[in-house]
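Below, each chain spelled out in residue letters.
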There are 2 protein chains.
Amino acid sequence: MKDNHSVANETGDKGFHWRGRLWLEGEEGTFLGYGRVVLLERIREFGSISQAAKSMEMSYKHAWDLLESMNRQAGCRLVETCRGGKHGGGATLSPAGVKAIALFRHYHDKFKNMLAELDQKMGKLEWKRPDRELPPA
Amino acid sequence: MKDNHSVANETGDKGFHWRGRLWLEGEEGTFLGYGRVVLLERIREFGSISQAAKSMEMSYKHAWDLLESMNRQAGCRLVETCRGGKHGGGATLSPAGVKAIALFRHYHDKFKNMLAELDQKMGKLEWKRPDRELPPA
DNA sequence: CACCGATATATTTTCTTAAGTATATCGGTG
DNA sequence: CACCGATATACTTAAGAAAATATATCGGTG
């Protein structure tokens, strides 16, 4: 199973466990999701969209499309880019981009904690085959 | 945007809102998710896999694949089927199927409540463009 | 015993989405 | 002023998932 940006609770046992996914939704669908925010974080780390995309094994085009979607919905640029120059160009986060990361991470952390609660409530393995729920009369 | 089985909080305003998705994961990926459980509920309602699939605008094959996946992971049948007979055949939930619905719905309700808390914490629209975060010196 | 409506299963087609490829552009630097 | 590495954008290709199609099977019923 590929990384689908879900949040898991690693309990170690072989049973089932709850997973979940969280995103902030706007007019055109997802505004901020896990993958988008990691992309922003990688851009902050590398100072480059192409390097960030490569580090996530994502095509530049896909990364650029995601950034466009975020910019449109935010109403401002989350990433400032420049072409040419010293290293051929580059990208840095705008204040809005920094804020977007902080916002999502804040709620995503809460989300992870909530999922952990779910797993605690369920215990190790709530699922058991009810083989003979009704004993034969 | 098509139904992606996510849970939303309808706040009425035009801003962003948190959405999420919850599923119970097993060895081969999803064991119980929203769509799968609705499928079980529809089978209980109609007494037929094909009718249930049609009511969800889902192909019979897709429904059948989902049921197979659930049966495999559960280690028992969630749906009892019969071919031929009075109405050509039919399907009913096994005790395990009934239990699966109850299990998922129980935690899914908790999940919905948790997402509502997230939205409450965020308020109407936490996202604002930090146009001039740093005033010009 | 042919018919019906459903399960069961394989095969093919379509659709969507992501990846891949190509190219133009920018602007410091040697 | 050619080169480089990055942004920016269009176009083509490939992969994966879902749908559509086809067919075999079952067993009670008229």
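Residues numbered from 1 in each chain as written. Chains lettered and ligands numbered in written order. Predicted model: local features only at pLDDT ≥ 70, side-chain atom pairs only at ≥ 80, totals over all residues. Heavy atoms only, no water.

### Examining the protein's contact with DNA strand D
Phase 1 of the analysis: DNA strand D sits among 21 residues. The nearest are A:I49, A:W64, A:T81, A:G88 and B:G84.
Phase 2 of the analysis: A share of 70% is what sugar and phosphate atoms reach among the atoms of DNA strand D within 4 Å of the protein.
Phase 3 of the analysis: At a separation of 2.4 Å, a phosphate oxygen of DNA strand D approaches a polar backbone atom of A:I49.
Phase 4 of the analysis: For DNA strand D, a phosphate oxygen lies 3.1 Å from a polar atom in the backbone of A:S50.
Phase 5 of the analysis: Residues that form the surface near DNA strand D fall into these classes: 4 nonpolar, 11 polar and 6 charged. (Near = heavy atom within 4 Å. Polar contact = N/O pair within 3.5 Å; in protein donor to acceptor, adjacent residues only side chain to side chain. Nonpolar A, V, L, I, M, F, W, Y, C, P; charged D, E, K, R; others polar.)

### Looking at the interface of chain B and chain A
Phase 1 of the analysis: The interface is formed by 41 residues belonging to chain B together with 41 residues belonging to chain A.
Phase 2 of the analysis: Overall, the association of chain B and chain A removes approximately 4100 Å² of surface from exposure, summing both partners, and the carbon and sulfur fraction of that is 74%.
Phase 3 of the analysis: On the chain B side of the interface with chain A, the three residues burying the most area are B:W18, B:Y107 and B:W127, jointly 19% of the side's total.
Phase 4 of the analysis: Summed over the shared surface of chain B and chain A, the result is 2 salt bridges.
Phase 5 of the analysis: The closest approach of N and O atoms between A:R19 and B:E25, which form a salt bridge, is 3.4 Å. (Contact = heavy atoms within 4.5 Å. Buried area = accessible area lost by both parts, 1.4 Å probe. Salt bridge = Lys/Arg side-chain N within 4 Å of Asp/Glu carboxyl O.)

### Here's the deal with the pattern of salt bridges
Phase 1 of the analysis: A complete count under the given rule lists 12 salt bridges over all chains for this structure.
Phase 2 of the analysis: Residues A:K61 and A:D65 are paired through a salt bridge, measuring 3.0 Å at the closest nitrogen-oxygen approach. Of this pair, A:K61 and A:D65 both sit in helix α3 (residues 60–74), 4 residues apart, roughly one helical turn.
Phase 3 of the analysis: On the basis of relative accessible area, A:D65 is assigned to the partly exposed category, the value being 32%.
Phase 4 of the analysis: Notably, a salt bridge pairs B:E41 with B:R105, separated by 2.8 Å at the nearest N-O pair. Placement of the pair is B:E41 in helix α1 (residues 34–46) and B:R105 in helix α4 (residues 95–122), with a sequence separation of 64 residues. (Helix = DSSP H or I, 4+ residues; strand = E, 2+ residues; numbered from the N terminus. Buried < 20%, exposed > 50% of the residue type's maximum accessible area, 1.4 Å probe, protein only.)

### A look at the packing of aromatic side chains
Phase 1 of the analysis: Scanning the model with the defined rule gives 7 aromatic pairs over all chains in all.
Phase 2 of the analysis: With centroids separated by 4.4 Å and ring planes inclined at 15°, the aromatic side chains of A:F16 and B:F31 adopt a geometry described as stacked. Linking A:F16 in the loop between β1 (7–8) and β2 (17–26) with B:F31 in strand β3 (residues 29–32), this pair reaches from one chain into another.
Phase 3 of the analysis: For B:F31, a relative accessible area of 0% gives the class buried.
Phase 4 of the analysis: Taken together, a centroid distance of 5.1 Å and an interplanar angle of 40° make the contact between A:Y107 and B:W18 tilted. Here A:Y107, found in helix α4 (residues 95–122), pairs with B:W18, found in strand β2 (residues 17–26), and the two come from separate chains.
Phase 5 of the analysis: Through a chain of ring-to-ring contacts, three or more aromatic side chains come together here, namely A:W18, B:F104 and B:Y107. (Phe/Tyr/Trp six-rings, centres within 6.5 Å; stacked < 30°, edge-to-face > 60°.)

### Overview of the protein's contact with DNA strand C
Phase 1 of the analysis: Near DNA strand C you find 20 residues, and of these A:G84, B:I49, B:Y60, B:T81 and B:G88 are the closest.
Phase 2 of the analysis: A breakdown of the atoms of DNA strand C within 4 Å of the protein gives sugar and phosphate a share of 69%.
Phase 3 of the analysis: In this structure, a phosphate oxygen belonging to DNA strand C sits 2.4 Å away from a main-chain N or O atom of B:I49.
Phase 4 of the analysis: Take B:H87: an N or O atom from its main chain is 3.3 Å from a sugar or linking oxygen of DNA strand C.
Phase 5 of the analysis: Elements with a contribution of two residues or more to the surface near DNA strand C: α3 of chain A together with α2 (49–55), α3 (60–74), β4 (79–83) and β5 (89–93) of chain B.
Phase 6 of the analysis: Counted by class, the surface near DNA strand C contains 4 nonpolar, 12 polar and 4 charged residues.

### Notes on the relation of the copies chain B and chain A
Phase 1 of the analysis: When chain B is fitted to chain A, the best match, at an RMSD of 0.1 Å, comes from turning it 180° and sliding it 0.1 Å along the axis. One copy is carried onto the other by what is essentially a two-fold rotation axis. Within chain B, B:R21 has its C-alpha nearest the rotation axis, a separation of 2.6 Å.
Phase 2 of the analysis: Of the interface residues in chain B, 100% have counterparts in chain A that sit at the interface too, so the contact is made through matching surfaces. (Least-squares fit on C-alpha atoms with pLDDT ≥ 70 in both.)

### Describing the side chain of A:S48
Residues and elements named next belong to chain A.
Phase 1 of the analysis: Relative to the elements of secondary structure, S48 occurs in the loop between α1 (34–46) and α2 (49–55).
Phase 2 of the analysis: On the basis of relative accessible area, S48 is assigned to the buried category, the value being 14%.
Phase 3 of the analysis: Of note is the side chain of S48, whose polar atom sits 3.0 Å from the backbone nitrogen of Q51.
Phase 4 of the analysis: S48 has contacts with I43 and A91, leaving out every residue within four places of it along the chain.

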